[in-house]
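Close look at the chain arrangement
So the chains spell out like this:
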Amino acid sequence: MKLKRLKDQTIVITGATSGIGLATARMAAKQGARVVLAGRSSEALEQVREEIEQTGGKACAVVADVAKQEDVRRIADEAVRHFGGFDTWVNNAGVSIYGNTFDIPIEDQRRLFDTNYWGVVTGSVVASEHLRRKGSGGAIINVGSVVSDRAFPLQGVYSASKAAVKAFTDALRMELEHQKSPVAVTLIQPASVGTPFAQH
């Protein structure tokens, strides 16, 4: 499989308004990629879109919550509408909860999984449908975490969601390879990096 050069790509990035997502959007745009920015804050998205366009890049912004399937599908639809489709989809959006697992309400744990796990699943399914349909293939990049290999206390629910992301991504990669689909699947497992994650 041969992926397009970055300058020839359209890249979808969820959670694009801060941290790893924002850094990825800025760097991709600087290299010439068209970027589809997705996030929950319209104000933050517009700031990032304007910043990218003021420096000569091309971007569109989509207000979306990856916990909602219809929002994820709308991200893909907007990528098609603005740029004719996409070549890479980065599932980056994520949230955490700090506390002892038995103290965290189950409904809050479910909400975390809706974003961290089901958001990745829905994004991967939508992306793989598009990339397989267009025939030329592309890439799905899922942002997991080092905690999928070594769980952290007081972040048990987050660790569990990232372990689920790792297992899902590994299975998806094997299934697409078995189907000989021209879609590369990558899992990124960062450790703690300098982002506003803890404040959010």
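Look up a bit, the structure's there.
To start, this report covers the structure provided alongside it. These figures come from a predicted structure and were not determined experimentally. (Residues numbered from 1 in each chain as written. Predicted model: local features only at pLDDT ≥ 70, side-chain atom pairs only at ≥ 80, totals over all residues. Heavy atoms only, no water.)

Let us look at helix H1 (residues 19–30). Here H1 is 12 residues long and its end C-alpha atoms lie 17 Å apart, about the 16 Å a rise of 1.5 Å per residue gives. Among all positions in H1, only Gly21, Leu22, Ala25, Ala28 and Ala29 are buried. End-on, the buried residues of H1 take up no more than an arc of 135 degrees, which puts them together on one face. With respect to the buried face of H1, the exposed residues turned more than 90 degrees away are Met27 and Lys30. (Helix = DSSP H or I, 4+ residues; strand = E, 2+ residues; numbered from the N terminus. Expected span 1.5 Å × (residues − 1). Buried < 20%, exposed > 50% of the residue type's maximum accessible area, 1.4 Å probe, protein only. Arc of directions from axis to C-beta.)

Attention now moves to the nonpolar core. Formed by 28 residues in total, the largest nonpolar core has its most connected members in Val12, Val36, Ile75, Phe86 and Trp89. Of all the secondary-structure elements, those providing two or more residues to this core are strand E2 (34–39), strand E3 (58–63), helix H3 (69–83), helix H4 (106–134), helix H5 (156–178) and strand E6 (183–188). Apart from residues lying up to four places away in sequence, Val36 is in contact with Thr10, Ile11, Val12, Ile13, Cys60, Val62, Ile75, Ala79 and Phe83. Formed by 16 residues, the second largest nonpolar core is a distinct cluster that contains Ile13, Ala28, Ala29 and Ala33. (Core = buried A, V, L, I, M, F, W, Y, C linked by side-chain atoms within 4.5 Å. Contact = heavy atoms within 4.5 Å.)

So, about the pattern of salt bridges. Summed over the entire model, instances satisfying the criterion amount to 12 salt bridges. For Arg111, the salt bridge is made with Asp65, and the minimal N-O distance between the two is 2.9 Å. In this pair, Arg111 sits in helix H4 while Asp65 sits in the loop between E3 and H3, placing the two residues 46 residues apart along the sequence. On the basis of relative accessible area, Asp65 is assigned to the buried category, the value being 11%. (Salt bridge = Lys/Arg side-chain N within 4 Å of Asp/Glu carboxyl O.)

Looking now at the packing of aromatic side chains. Each aromatic ring pair is summarised here by two numbers: the centre-to-centre distance and the angle between the ring planes. In this structure the tally under the stated criterion is 4 aromatic pairs. Here Tyr117 and Trp118 contribute two aromatic rings whose centre-to-centre distance is 4.9 Å and whose plane-to-plane angle is 70 degrees, an arrangement assigned as edge-to-face. By relative accessible area, which is 46% here, Trp118 ends up partly exposed. A connected cluster of aromatic rings, assembled from ring pairs, spans Phe113, Tyr117, Trp118 and Phe168. (Phe/Tyr/Trp six-rings, centres within 6.5 Å; stacked < 30°, edge-to-face > 60°.)

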